[in-house]
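# Topology and contacts: notes
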Amino acid sequence: MGVIALAGAAIVAAGAALSVWSARGGLALQAVGIALLGVAGAAVLISGDVLGSAFSAEISPAFGLDPLSGFFLALLAVTAIPALVFAHAYLRTSAAPIAALGGAFLLALAGVVTARDVSTFLAAWELMTLLPAAAILVARRDAPVRSAVQVYLAITHVGGAGVWIAMLALAGGGPAALIAVAALIGFGTKAGLVPLHSWLPRAHPVAPAHLSALMSGMMIKVALYGLIRVELEWLGATPGWLGYALLALGLLSSLGGVLWALVQHELKRLLAYHSIENVGIVVLGLGASLVLARTGQATWSAIAFGAALLHIANHALFKVLLFLGAGAFERAAGALELDRMGGLLRRMPWTGGAFLVGAMAIAGLPPLNGFASEWLTLQSLLHVALDRPLGAAIAGAIALAGLAATAALALLCFVKVVGLVLLGPPRTDRAAAATEVAPAMRAGMVALAALCVIAGLVPGLLLPELARLAPGGATLTRHPGLDLPGTGSLPTLAVAAALVALTGALVRARGARKAAPAPTWTCGQPVTPALNWTSAGFTKPLRLVLESVLRPERELEVVRDAGLVREIRYSAHVPSLVDRHLLDPAVRAGLRGAALARRLQTGNVRTYAAYLLALVIGLLALARTGALG
Amino acid sequence: MIGLAGIVLAPLLPGAVQMLKARLQGRRGASALQPYRALRRLWGKSTVDPEGTGAVYRTAPALVAACLALALAIVPLTAHSGWSPLGRDALVLMGLLALARFAAAAAAWDTNNGFALMGAARELMLAVFGEALLVLALLLAALPAHSTDLAAMTAAAAGAGPWSEPAHWCGALAFALVILVETGRQPVDNPDTHLELTMIHEGPLLEYAGRDLAYLQWAAAARHWVVLVLGAELFLPHWGGFGASLALLAGGVAALCAALALVETAQAKMRILRVPALLAVGGAAALAGVVSWIAGT
């Protein structure tokens, strides 16, 4: 398997190089290489073998492949191949550099999950951060994009310092508490955990569609891989507070992500906020796993760990699908604003149908894959709440209620997206004239939609493999549904079959007899576009109820002319409270600090000579006192 | 097989509530069988597809009814009702109810009818708080059984034991609020309203007619069945073998119907923005219940 993995990596590298001359050939070669990497990963996941080196603190490069890395490699292949197929038809302008950078990005992702020493890990980690930034800037160079990329690089590097500290402390045998905190901040920033998420909704939407998809689908998952690897494995003894910290961060991220997603009116930005929500759900599962392990429920701890990994896989599938769909709609309807689409299910049945499947999956609806992993996570939290100690039970109950509310909010949000994008009348002329996208783009999305359905039908085949990877690994019996102790069981196949058969029978019984077509009821008025509901309108009841949390801002401007009201302008938006109360003060403090530091730089050569002299004298003094050893 | 009795009997519940309400208000009212007559009448009528609607609008009523039929098969009738091919999990039930809500709201978008969307938006907003409360109430019922298997939860709630636990009372309070939200009754929603601006659950049904409407009205009745049967099984007294507990279940459901009629007679509809605060009271009670149970074991 090691040979196959190496060959795969070499082919991806060759594909990235080839892309410079021929973007399409390069993309195809990258897909072949990533498929080989995925095959090697899947084989290692199933067999449970460990190849290559174990973790070492040496400087020399070391790579290895174990079931956890294998899982992420297989997932990378499953999501990257449809994305590359999509990109084959999607990329038009500056295709060659974007395809080449994309290939290198895939290699960096694979590098992070297979690196086994500190220096390789950090090198791959930095490349993974920088390469998509370069690709975004190749694709678009306008001011908002440059600013988004700058915020992305700034926040992920400041937060990413946590990864450096954690890895270097790990190599040098630093204190465990320092490593745990630093890793939580570093990987948490990259995964987009609230309150360290501000870069994510800025950077993900501006990338080309297939890179947005891989950033939201895979890059933040690789950050979660780092979190799992360092906190649960390389750290040795996991500190007791970590489980509760993860539950708190997971709850904050899932509720915060979905609430801010609800008030977005641009499709890719909305999807980016949903990535924060789903990372939160994964982290809730990880937190539940740690708390359950400490309270001595080994089986449920392993199931919760498996639930988190399963949600990582499921979210990668439907989030890549949804971002690709957003790219296709942007191409076809010329807009990403939710209020400027409409009726696309009829105009684009393949893309629209696949997007509908993805939307229902991310909303956590049975019988799709999102429901299976959310059900498992809910069950894990419920089992945290069932037992002593009291603190764990309360934390579990609160997280359980929060996750249930998150699921209902995601449902509200994706009903809105489906309604505004796919259903109803077209909102613009461009949307009315939209046509189905190229076959390769369709193929990528339909394949992912099929995977969402399959993963929802047989989650029980994968769960035992994933639960085995938990630190206190448990053996679960393998059958298609989810039949776990302490639950009423979720027979996914039976539920799906009953749902489809019954719906089909009822549709048949309904018959096709119908009265003459009638216009929609609007109290007798003619149906005009002014009566169309908007994204803001549909979420208004929730915004009103949660006013104290979301703090929406409204502006009302009345234009008067000779005492007559001529015009009333109304605008409302929901600010990001984290940006306002955390990010902006931090940026201001940073700039003030920089201004202070600049006073050191006078431009006067004599001052610099004085600095050098002071440094030398200081060092000599330290050497004299023996402080330098 | 007895689990499927709900498919036939569900329309009796809203009928009984309406009948009892009429009696309480000094009217004679329609008989409890009125919903059956309404369903028969609708079955004979033709459906209406508003202009511009598509497959989502046409499939939604069937999907909603299918979800509720599956939910009926999952809800056990007494602790002795045995195996179900769909499992007996409480959280799967929540997923099916969510799918039904999604289908109804998506159909509202397909019609592009402002009143339907108004109702859908409000219903989904209430569901956010309703789901959080429902899962906490289910957690309280799962504490004694240590399982989310509804049959095991029903068995654990049998006898006199649970009534000495504060957690049981807290759970009963939380679930009572869930019943009001899920059945769409006052003070949360007014099922008798025919004013477009005030409809919540009825809103997304506005454009439907004929058999589509029959499916949706049956589904509304089935939702009564699911929450009232669960409420009686998990939080009302019952004991004994199959026959005795079935009789007590019928009595419990009848008592809950009477309680709904009483609340609806005595209580005006609440301002919708106040409802989440009401549900938050239930959530706080449920958390207090968890604390008392865990501290007591």
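This one's a predicted model, so the numbers in the text were calculated from it and none came from an experiment.

Let's shift gears to the overall build of chain B. Counting its secondary structure elements, chain B contains 11 helices and zero strands. Listing every helix and strand of chain B by position from the N terminus yields α-α-α-α-α-α-α-α-α-α-α. Computed over C-alpha atoms, the radius of gyration of chain B comes to 19 Å, within 12% of the 19 Å expected from 2.2 N^0.38 for 297 residues, which places it in the range of a compact globule. Projected onto the principal axes, the alpha-carbon positions of chain B cover approximately 60 × 45 × 40 Å. Pairs at least 24 apart in sequence give 78% of the contacts found in chain B among residues at least 6 apart.

Across the contact, 71 residues belong to chain B and 65 residues belong to chain A. Mapped onto the side of chain B that touches chain A, the elements with two or more residues apiece are α4 (55-74), α5 (90-111), α6 (114-145), α9 (210-235) and α11 (275-296) of chain B. Of all the elements, α6 of chain B adds the most residues to the side of chain B that touches chain A, at 15 residues. Residues that form the side of chain B that touches chain A fall into these classes: 43 nonpolar, 16 polar and 12 charged.

The next subject is helix α2 (residues 23-47) of chain A. In this model, α2 of chain A (25 residues) spans 36 Å end to end at C-alpha, consistent with the 36 Å of a helix rising 1.5 Å per residue. Of the residues trailing α2 of chain A, glycine 48 of chain A is marked for its positive phi of about 80°.

With respect to the helices and strands, histidine 197 of chain A occurs in the loop between α7 (176-191) and α8 (200-206). Residues contacting histidine 197 of chain A, with those up to four places away along its chain left out, are Gly192 and Ile276 of chain A.

Attention now moves to the nonpolar core. Of all hydrophobic cores here, the largest spans 360 residues; its most connected members are Leu400 of chain A together with Val64, Leu139 and Ala174 of chain B. Of all the elements, α6 of chain B adds the most residues to this core, at 25 residues. Of the residues that make up this core, three or more belong to each of domain 1 (1-237) and domain 2 (240-480) of chain A. The contacts of leucine 400 of chain A, once residues within four sequence positions are left out, are Leu378, Leu381, Leu382 and Ala385 of chain A together with Val135 and Leu139 of chain B.

With that settled, consider the domain arrangement of chain A. Residue and element names in this part refer to chain A. Taken as a whole, chain A is organised into domain 1 (1-237), domain 2 (240-480) and domain 3 (603-629). Taken over C-alpha atoms, the centre of domain 1 sits 21 Å from the centre of domain 2. The interface is formed by 41 residues belonging to domain 1 together with 43 residues belonging to domain 2. Elements supplying a minimum of two residues to the side of domain 1 that touches domain 2: α2, α3 (67-90), α7, α8 and α9 (209-234). It is α9 that provides the largest number of residues to the side of domain 1 that touches domain 2, a total of 14 residues. When grouped by side-chain class, the residues that make up the side of domain 1 that touches domain 2 number 29 nonpolar, 10 polar and two charged.

Parameters and conventions
Residues numbered from 1 in each chain as written. Chains lettered and ligands numbered in written order. Predicted model: local features only at pLDDT ≥ 70, side-chain atom pairs only at ≥ 80, totals over all residues. Helix = DSSP H or I, 4+ residues; strand = E, 2+ residues; numbered from the N terminus. Rg over C-alpha atoms; globule rule 2.2 N^0.38 Å. Contact = placed C-beta atoms within 7 Å. Nonpolar A, V, L, I, M, F, W, Y, C, P; charged D, E, K, R; others polar. Expected span 1.5 Å × (residues − 1). Core = buried A, V, L, I, M, F, W, Y, C linked by C-beta atoms within 7 Å. Buried ≥ 20, exposed ≤ 12 C-beta atoms within 10 Å, placed from the backbone. Domains from an automatic or database assignment.

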